[in-house]
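# Architecture and fold: a report
So the chains spell out like this:
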Amino acid sequence: MERKSLGFTIFIHACALLLAAIILAPIAWLFIMSISPAADLAAKPLRWWPQAADFSRYRQLLSTAENSAGAAFTSSLRNSLEIAGMATLAALALAIPAGWAVSRTPTIGWSLSMVIATYMLPPVALAVPLYMGLSHLGLLNNVFGLALVYLTILAPFTTWLMKSGFDSIPREIEAAAMIDGAGLFQTLRIITLPLAAPVMATSALFAVLLAWDEFFYALLFTSDQRAKTLTVAIADLAGGRVSDYGLIATAGVLAALPPVLIGLVMQRALISGLTSGGVKGR
């Protein structure tokens, strides 16, 4: 083993701490804003730490009282969870067979390239056709309709990720299983999908994050609490003449918690897939 000098070790740790500080500083400031009284946020010079922590905004946004800011926030939180969940599950259901087919049949790889090329179009160019389509189907301001729109965004990306994962799995393993009498679906279920579990977890994680953070289509295709998502609800908090920046920061902290928790869960699934996806020889 090559020995590393003490100076190099200190340098590596210092760089890691600097990177962590750069990443975590905005999140820490968001939390500090959420517990700072309005007077501290408007004080000059700015107070970097509140004299007394104020958690009333968290109680306000988590309240379920009728026609309150909390009722609107919790409804948007529920909508975001439903939409992101439906879009992610549907995207994986399409991406797994499509990615496997493109990986095992290189001659049709051009089709995936053409689908990926749609990302070159600005979202506003697709807004009118999508709006007309949802209107014709009666899915405007509808949770299922917005999940369907998100599916058009997530499916190409997740298919591309799944295809990359299937490319790394030797075809000989599948061929050996079929020689032993396994059918196509048995081979996929028993051999291919366990080996592709890390890529599936990664694809699901990125799909959830993309759907959770989307704002443009959610703003265009929703109008009230029946389908309004968190990103639009937070924008509504900043839309008045007088904005409570502490309340906006509180909404940001609460909105960040579900993706963080989902990321932790998917990280465990990713590690589990890496350790259990091998094939034991006999």
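Please read all numbers here as calculations on a predicted model, not as lab measurements.

## A few points about the overall build of the protein chain
If you tally the helices and strands in the protein chain, you get 13 helices and 0 strands. A principal-axis box enclosing the C-alpha atoms of the protein chain has dimensions of 75 × 65 × 35 Å. Buried residues in the protein chain amount to 35% of all 282 residues. Here the analysis covers contacts within the protein chain between residues at least 6 apart in sequence; of these, 71% occur between residues at least 24 apart. Surface accessibility of the protein chain: about 17100 Å² in total, with carbon and sulfur atoms responsible for 70%. Computed over 17 positive and 14 negative side-chain charges, the inter-centroid distance for the protein chain is 5 Å.

## Some thoughts on the packing of helix H9 (residues 184-195) against helix H10 (residues 197-213)
Relative to each other, H9 and H10 sit at 60°, their axes nearing to 4 Å. Relative to H10, the element H9 lies oblique. Residues Leu-193, Pro-194 and Leu-195 of H9 lie in contact with H10, whose contacting residues are Ala-197, Pro-198 and Met-200. Its residues assigned to classes, the contact of H9 with H10 shows 6 nonpolar, no polar and no charged.

## Observations concerning helix H6 (residues 123-137)
In this model, H6 (15 residues) spans 20 Å end to end at C-alpha, consistent with the 21 Å of a helix rising 1.5 Å per residue. In H6, a bend of some 25° at Pro-129 exceeds every other bend along the element. Where H6 ends, the next residue or the one after it, Gly-138, has phi of about 70°, a positive value.

## Details of unusual backbone geometry
Despite not being glycine, Asn-141 shows a phi value in the positive range, around 55°. Locating Asn-141 in the fold gives a position in the loop between H6 and helix H7 (143-167). Relative accessible area serves as the criterion here: at 10%, Asn-141 is assigned to the buried category.

## Quick notes on the packing of aromatic side chains
In the structure shown here, the tally under the stated rule is 7 aromatic pairs. Taking the centre distance of 6.1 Å and the plane angle of 75° together, the rings of Phe-157 and Phe-206 count as edge-to-face. Here Phe-206 lies in helix H10 and Phe-157 lies in helix H7, a separation of 49 residues in the sequence. What links up through ring pairs into an aromatic cluster is the set Tyr-131, Phe-216, Tyr-217 and Phe-221.

## Let's talk about the side chain of Arg-104
With respect to the helices and strands, the residue Arg-104 is situated in helix H4 (residues 69-104). There is a polar contact of 2.9 Å between the side chain of Arg-104 and the side chain of Ser-103. Of the polar contacts made by the side chain of Arg-104, one reaches the backbone oxygen of Phe-166; its length is 3.0 Å. Not counting residues up to four positions away in its chain, the partners in contact with Arg-104 are Phe-166, Asp-167, Ile-169, Pro-170, Arg-171 and Glu-174.

## Some details on a nonpolar patch on the surface
A contiguous nonpolar patch, built from Leu-18, Leu-19, Ile-22, Ile-23, Leu-24 and Ile-27 and spanning about 620 Å² of accessible area, is present on the exposed surface. Mapped onto the elements, Leu-18 comes out in helix H1 (residues 6-34). Under the relative-accessibility criterion, Leu-18 is labelled exposed at 53%.

## Overview of the nonpolar core
Generally speaking, soluble globular proteins have nonpolar side chains that are buried together. Within the largest apolar cluster, 34 residues are counted, with the highest numbers of intra-cluster contacts made by Leu-146 and Tyr-150. Broken down by secondary-structure element, the contributors of at least two residues to this core are helix H3 (56-61), H4, H7, H10, helix H11 (216-221), helix H12 (230-237) and helix H13 (245-276). Ranked by residue count, the leading element in this core is H7, at 8 residues. Residues contacting Tyr-150, with those up to four places away along its chain left out, are Ile-83, Ala-87, Ala-211, Glu-214, Tyr-217 and Ala-218. Membership of the second largest hydrophobic core comes to 8 residues, among which are Ile-96, Trp-100, Met-162 and Phe-166.

## Observations concerning the environment of Ala-69
By the element assignment, Ala-69 lies in helix H4. Judged by its relative accessible area of 31%, Ala-69 is partly exposed. Here the alpha-carbon distance between Ala-69 and Gly-252, two residues 183 residues apart in the chain, equals 14 Å.

## Notes on the pattern of salt bridges
Under the counting rule described, the total for this entry stands at 5 salt bridges. With its nearest N and O atoms 3.0 Å apart, the salt bridge here joins Asp-224 to Arg-226. Linking Asp-236 and Lys-228 is a salt bridge whose minimum nitrogen-to-oxygen distance equals 2.9 Å.

## As for the confidence of the model for the protein chain
Per-residue pLDDT for the protein chain averages 85, and the proportion of residues at 70 or more is 92%. Mean pLDDT in the protein chain bottoms out at H13, which sits at 77, and peaks at H11, which reaches 94. Throughout residues 275-282 the model reports pLDDT below 50, and contacts reaching past four residues in sequence, or to other chains, amount to 4 contacts.

Each value, and the rule that gives it
- Residues numbered from 1 in each chain as written.
- Predicted model: local features only at pLDDT ≥ 70, side-chain atom pairs only at ≥ 80, totals over all residues.
- Heavy atoms only, no water.
- Helix = DSSP H or I, 4+ residues; strand = E, 2+ residues; numbered from the N terminus.
- Buried < 20%, exposed > 50% of the residue type's maximum accessible area, 1.4 Å probe, protein only.
- Contact = heavy atoms within 4.5 Å.
- Areas by Shrake-Rupley, 256 points an atom, 1.4 Å probe, with all protein chains shown as cover.
- Lys, Arg positive; Asp, Glu negative; His and termini not counted.
- Charge placed at Lys NZ, Arg CZ, Asp CG, Glu CD.
- Axes fitted to C-alpha atoms, helices over the stretch in contact; angles between N-to-C directions.
- Parallel < 35°, antiparallel > 145°, perpendicular 65-115°, else oblique.
- Nonpolar A, V, L, I, M, F, W, Y, C, P; charged D, E, K, R; others polar.
- Expected span 1.5 Å × (residues − 1).
- Bend = angle between axes of the 7 residues up to and from the residue.
- Phe/Tyr/Trp six-rings, centres within 6.5 Å; stacked < 30°, edge-to-face > 60°.
- Polar contact = N/O pair within 3.5 Å; in protein donor to acceptor, adjacent residues only side chain to side chain.
- Patch = residues over 30% accessible without salt bridge, like charges linked within 9 Å, V, L, I, M, F, W, Y side chains within 5 Å.
- Salt bridge = Lys/Arg side-chain N within 4 Å of Asp/Glu carboxyl O.
- Core = buried A, V, L, I, M, F, W, Y, C linked by side-chain atoms within 4.5 Å.
- pLDDT = per-residue confidence, 0-100.

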